[in-house]
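Remarks on the overall topology
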Amino acid sequence: LTGILEDGTDLTGKAFSAKSPPFLQIGDISTVTGVNLQSGQDFLSRGLITGFRNPVAHAPLDAIVPKIFTELDCLNILSLTSYLLERVDRAKLVKS
């Protein structure tokens, strides 16, 4: 979609940056609200990767679920992921 070759938090940082022109624009970054939406997308995406994807990817699943993440945690993560991806679907591709 963006052509960014990085992954993980480096990818989200470039895709959603509110400080430099983003690749994917979530809100009107000429307004404070738009910058907040843009930053929120970046921070929530980074948090999802750091707090969920990385632990799950680097440990045996039976060591993670249900000891660290409960079934409810997993459902909540899916909900957050769905929300963030919906925002990406509606984002404006600024550069690629």
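Summarised in this report is the structure supplied together with it. (Residues numbered from 1 in each chain as written. Predicted model: local features only at pLDDT ≥ 70, side-chain atom pairs only at ≥ 80, totals over all residues. Heavy atoms only, no water.)

Once that is clear, we can look at the pattern of salt bridges. Applying the stated criterion to the full structure yields 3 salt bridges. Salt-bridge contacts for glutamate 6 lead to lysine 14; the nearest nitrogen and oxygen are separated by 2.7 Å. Judged by its relative accessible area of 30%, glutamate 6 is partly exposed. Salt-bridge contacts for aspartate 42 lead to arginine 46; the nearest nitrogen and oxygen are separated by 2.7 Å. Here the residue aspartate 42 and the residue arginine 46 both occupy positions in helix α2 (residues 32-57), the gap between them amounting to 4 residues, near one helical turn. For aspartate 42, a relative accessible area of 7% translates into the label buried. For arginine 46, a relative accessible area of 30% corresponds to the partly exposed category. (Salt bridge = Lys/Arg side-chain N within 4 Å of Asp/Glu carboxyl O. Buried < 20%, exposed > 50% of the residue type's maximum accessible area, 1.4 Å probe, protein only. Helix = DSSP H or I, 4+ residues; strand = E, 2+ residues; numbered from the N terminus.)

We now examine α2. Look at α2: 36 Å from first C-alpha to last across 26 residues, which is about the 38 Å you get at 1.5 Å a residue. Of all bends in α2, the biggest is about 30°, found at isoleucine 49. Gly34, Gln38, Ser39, Gln41, Asp42, Ser45, Leu48, Ile49 and Phe52 are the residues of α2 that are buried. Those residues of α2 that are buried lie in contact with α1 (8-16), β1 (24-25) and α4 (71-90). (Expected span 1.5 Å × (residues − 1). Bend = angle between axes of the 7 residues up to and from the residue. Contact = heavy atoms within 4.5 Å.)

Further remarks concern the packing of α2 against α4. If you want to describe how two helices pack, look at the angle between their axes and the distance between the axes. The contact between α2 and α4 brings their axes to 11 Å, and the two run at 140°. One way to sum up the angle between α2 and α4 is to call them oblique. At the point where α2 passes α4, the crossing takes the left-handed sense. For the pair formed by α2 and α4, the contact residues are Leu37, Gln41, Leu44, Ser45, Leu48 and Phe52 on the first element and Ile77, Leu80, Thr81, Leu84, Arg87 and Val88 on the second. Here the residues of the contact of α2 with α4 sort into 8 nonpolar, 3 polar and 1 charged. (Axes fitted to C-alpha atoms, helices over the stretch in contact; angles between N-to-C directions. Parallel < 35°, antiparallel > 145°, perpendicular 65-115°, else oblique. Left-handed = near helix turned anticlockwise from the far one by under 90°. Nonpolar A, V, L, I, M, F, W, Y, C, P; charged D, E, K, R; others polar.)

In total, this model carries 1 aromatic pair according to the counting rule given. Lysine 95 extends its terminal NZ or CZ atom over the ring of phenylalanine 23, reaching a point 4.8 Å from the ring centre. (Phe/Tyr/Trp six-rings, centres within 6.5 Å; stacked < 30°, edge-to-face > 60°. Lys NZ or Arg CZ within 6 Å of the ring centre and 35° of its normal.)

It is the contact of α1 with α2, at a shortest axis distance of 9 Å, that shows an interaxial angle of 175°. When the axes of α1 and α2 are compared, the pair comes out roughly antiparallel. Note on element contacts: α2 touches α1 through Gln38, Gln41, Asp42, Ser45, Arg46, Ile49, Thr50 and Arg53, opposite Gly8, Thr9, Thr12, Gly13, Ala15 and Phe16. Broken down by class, the residue content of the contact of α1 with α2 amounts to 3 nonpolar, 8 polar and 3 charged.

Further remarks concern the nonpolar core. In terms of nonpolar packing, the biggest core is built from 8 residues, these being Ile4, Ala15, Phe16, Phe23, Leu24, Ile26, Val88 and Ala91. Of all hydrophobic cores here, the second largest spans 6 residues; its members include Leu48, Phe52, Ile64 and Phe69. (Core = buried A, V, L, I, M, F, W, Y, C linked by side-chain atoms within 4.5 Å.)

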